[in-house]
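As a plain string of letters, each chain reads:
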Amino acid sequence: MKTVTVVGASLAGLYTARELRAQGFDGRLVIVGEEPHRPYDRPPLSKEFLTGDRADEGRLALTDAEEETGLAAQWLLGTRARGLDPRGRTLLLDGGRIVSTDGVVIATGASARPLPGGTGPAGVHTLRTLDDARALRADLTGGPRRVVVIGGGFIGAETASSCAALGHDVTVVEAAPLPLVPHLGPEMAGVCAALHTRGGTRLITGASVAALRGEGHVRAVELSDGRVLPADVVVVGIGAVPNTAWLAGSTLALGDGVLCDDGCVTALPQVVAVGDVARVGGVRAEHWTSATEQPAVAVRNLLAGRTVTTARSLPYFWSDQYGSRIQFAGRRRDGDTVRIAEGTIDGGGFLARYERDGATTAVLAVDRPRPFLKARRELARAARPTPAL
């Protein structure tokens, strides 16, 4: 391959560029990014950046001048990909520009899912990008605000926690009976939901949003049960949608992401996908570890021209809420039993093990980083395939 194009100047895109050089690719490297920014760290956007503890945007940068010189990449920032030809050899960009390439890495990530009916009046925010965080932070300055967060998932919970820390009056609205049940199961989801109450945030569950009220600027959120919540600022955190619309018309299979085999390879061997946009082996995992671990496998297979290795990392994610760190690793399934292995639920943190047939399938920790690290390593060793004799 003489030219490889990475579509997405994201965490996954940056790790892919690093892997291309580390694995010996010395040809032309093109990185296309829809945002005007160099790759930056997204997890702080809902936490330290929002509260001002990490307000310097320079501290979010994932690269520096020295690394960029070493990558020797052509950066096309503020440029949106518009299409990929059926053979995957030509990339169409904004303004009709065409990039001819031998290999393509799709790392376009995902976008915040909007409320049905559109974005709504001013004062309604999503939080996915640096520009989103800038706008929300500006709306939270100048005194206490009544903040309604729609969605109790990780982004919603972290944003609610940050808003509460800033002294705002915060309400979280979650349509499900409990937030995070798909990830943690009902028992542990209930434990983590209690963090909202401890942090001074109201949590309303089992209710959906019927309408946003306000002329020009949001003034209230109307729920499906008739309740009306006064609001000066609304944050919508109801999930994300993979950025695949630009691939319509290509021969790639799409379905809640770009469909790949276990090695991140698409139906076209010269096209691979990584990160939030990739459905690898039937699973699309919007986790930091996917963005950092999949590129090594994807690049090896791309340069080989076929799938020679697979990506089978242990799922892992963390979340900082109300002064507590939640960490989870493994693959929980319905029917797993949960056992508190260390600490107590009532205070001081704990480590919980999810078990099935006498084996640990996943671990959850709240403010127990060292025991969690040990348990996570044990899980990773157990999940690693045994070499054939």
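Residues numbered from 1 in each chain as written. Predicted model: local features only at pLDDT ≥ 70, side-chain atom pairs only at ≥ 80, totals over all residues. Heavy atoms only, no water.

One open sheet holds the five strands; their spatial order is β9-β16-β10-β11-β12, and the pairing between them is parallel. Edge positions in the sheet fall to β9 (124–125) and β12 (202–205), since each has one partner strand and no second. Here strand β11 (residues 169–174) pairs with β12 via four bridges, running parallel. Bridge pairing links E174 to T205 in β12. (Pairing = 2+ DSSP bridges. Helix = DSSP H or I, 4+ residues; strand = E, 2+ residues; numbered from the N terminus.)

On to the state of the cysteines. As enumerated under the stated definition, the model contains zero disulfides in all. Take C163: it sits in no disulfide, and the sulfur closest to it among the cysteines is that of C192, at 20 Å. For C163, a relative accessible area of 0% puts it in the buried group. (Disulfide = S-S within 2.5 Å. Buried < 20%, exposed > 50% of the residue type's maximum accessible area, 1.4 Å probe, protein only.)

Now for the pattern of salt bridges. The tally for this structure, following the rule as stated, stands at 24 salt bridges. Residue E57 pairs with R134 through a salt bridge whose shortest N-O separation is 2.6 Å. In this pair, E57 sits in the loop between α2 (48–51) and α3 (65–71) while R134 sits in helix α4 (residues 130–139), placing the two residues 77 residues apart along the sequence. We note a salt bridge from D169 to R202, for which the minimum N-O separation is 2.5 Å. Residue D169 is found in strand β11, and its partner R202 is found in strand β12; the two are separated by 33 residues along the sequence. Sharing partners across several salt bridges, the network here consists of D256, R279, R284 and E286. (Salt bridge = Lys/Arg side-chain N within 4 Å of Asp/Glu carboxyl O.)

With respect to the helices and strands, T201 occurs in the loop between α6 (181–198) and β12. Separated by 3.0 Å, the side chains of T201 and Y322 make a polar contact. When residues no more than four places from it in sequence are discounted, the contact partners of T201 are A160, A164, V170, T171, V172, H196 and Y322. (Polar contact = N/O pair within 3.5 Å; in protein donor to acceptor, adjacent residues only side chain to side chain. Contact = heavy atoms within 4.5 Å.)

A word on the packing of aromatic side chains. Summed over all chains, the structure comprises six aromatic pairs. Taken together, the ring pairs in this structure connect F154, F317, F328 and Y354 into an aromatic cluster. For the cation-ring pair, R18 lies above Y15, with the distance from its terminal atom to the ring centre recorded as 5.1 Å. Of note, R376 hangs over the ring of Y316, and the distance from its end group to the ring centre comes to 3.7 Å. (Phe/Tyr/Trp six-rings, centres within 6.5 Å; stacked < 30°, edge-to-face > 60°. Lys NZ or Arg CZ within 6 Å of the ring centre and 35° of its normal.)

All right, on to the nonpolar core then. What tends to happen in soluble globular proteins is that the nonpolar side chains get buried as a cluster. If you look at the biggest cluster of nonpolar residues, it comprises 46 residues, and the most contacted ones within it are L29, I31, L84, L91, I106 and W246. Here the element with the most residues in this core is helix α1 (residues 11–22); it accounts for five residues. Grouped together as the second largest cluster of nonpolar side chains are 37 residues, F49, L127, A133 and A164 included. (Core = buried A, V, L, I, M, F, W, Y, C linked by side-chain atoms within 4.5 Å.)

Although it is not a glycine, A72 sits at a positive phi angle of roughly 50°. Relative to the assigned elements, A72 resides in the loop between α3 and β3 (73–77). Of note, D367 is a non-glycine position whose phi angle comes to about 55°, a positive value. With respect to the secondary-structure elements, D367 resides in the loop between β25 (359–366) and α8 (369–383).

Below, the discussion takes up the environment of S324. In this fold, S324 is placed in strand β22 (residues 324–330). C-alpha of S324 to C-alpha of D367: the two residues are 43 residues apart in sequence and 5.9 Å apart in space. Contact partners of S324, with chain neighbours within four places excluded, come to L195, R198, S319, V366 and D367. There is a polar contact of 2.6 Å between the side chain of S324 and the side chain of R198. Within polar-contact distance, the side chain of S324 engages the side chain of D367 at 3.0 Å.

Counting buried positions over the six residues of strand β2 (residues 28–33) gives five, a clear majority of the element. In terms of handedness, the path from strand β1 (residues 3–7) via α1 over to β2 forms a crossover that is right-handed. As judged from the five bridges shared by β2 and β3, these two strands associate in the parallel manner. Of the residues in β3, the one forming a bridge with G33 is L77. (Right-handed = clockwise from strand over helix to strand, strands pointing away.)

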